[in-house]
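What the coordinates show
Take a look at the letters that make up each chain.
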Amino acid sequence: MTALQYAVAPKAFGPHTFRILLDSFEEALGSLSASQLSTMPAARMRDLLARRIISLAEHGELDPERLRDGALAHAARMLRYYRGADRR
């Protein structure tokens, strides 16, 4: 496998790591305020959080608090963008 193939190959997570990702996702989702949840459709918000947590884990981050905080920070940035799109 070349370096490029390795870099773009999907990562597999074991049961322990998957549990960390799931717990981080649930904590992030539970941390959102009602106004944040009402700004963006719920399915889109769940997808945004899940993708960010997976991305962070693929890059080696497995600390549950950092995964949660990283996903929430990304969601906050995307919510600012999403709100701006509504004003046009």
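Residues numbered from 1 in each chain as written. Predicted model: local features only at pLDDT ≥ 70, side-chain atom pairs only at ≥ 80, totals over all residues. Heavy atoms only, no water.

Before going further, it helps to examine the confidence of the model for the protein chain. When pLDDT is averaged along the protein chain, the result is 85; 83% of the residues meet or exceed 70. In the model of the protein chain, helix α1 (residues 3-8) stands out as the element of lowest mean pLDDT, 53, in contrast to helix α2 (residues 15-31), which has the highest, 95. (pLDDT = per-residue confidence, 0-100. Helix = DSSP H or I, 4+ residues; strand = E, 2+ residues; numbered from the N terminus.)

This part is about the side chain of Thr-39. Its location among the elements puts Thr-39 in helix α3 (residues 34-39). By relative accessible area, which is 18% here, Thr-39 ends up buried. If near-sequence neighbours (up to four positions away) are discounted, Thr-39 is found in contact with Leu-79, Tyr-82 and Arg-83. (Buried < 20%, exposed > 50% of the residue type's maximum accessible area, 1.4 Å probe, protein only. Contact = heavy atoms within 4.5 Å.)

Looking at the secondary structure, you find Ser-24 in helix α2. Setting aside residues no more than four positions away along its own chain, Ser-24 makes contact with Ile-53, Pro-64, Leu-67 and Arg-68.

This part is about the nonpolar core. Residues Met-40, Met-45, Leu-49 and Ile-53 are the most contacted members of the largest nonpolar core, which totals 16 residues. Mapped by element, the contributors of at least two residues to this core are α2, α4 (42-58) and α5 (64-86). Once residues within four sequence positions are removed from consideration, Ile-53 is found in contact with Leu-21, Ser-24, Phe-25, Leu-67 and Ala-71. (Core = buried A, V, L, I, M, F, W, Y, C linked by side-chain atoms within 4.5 Å.)

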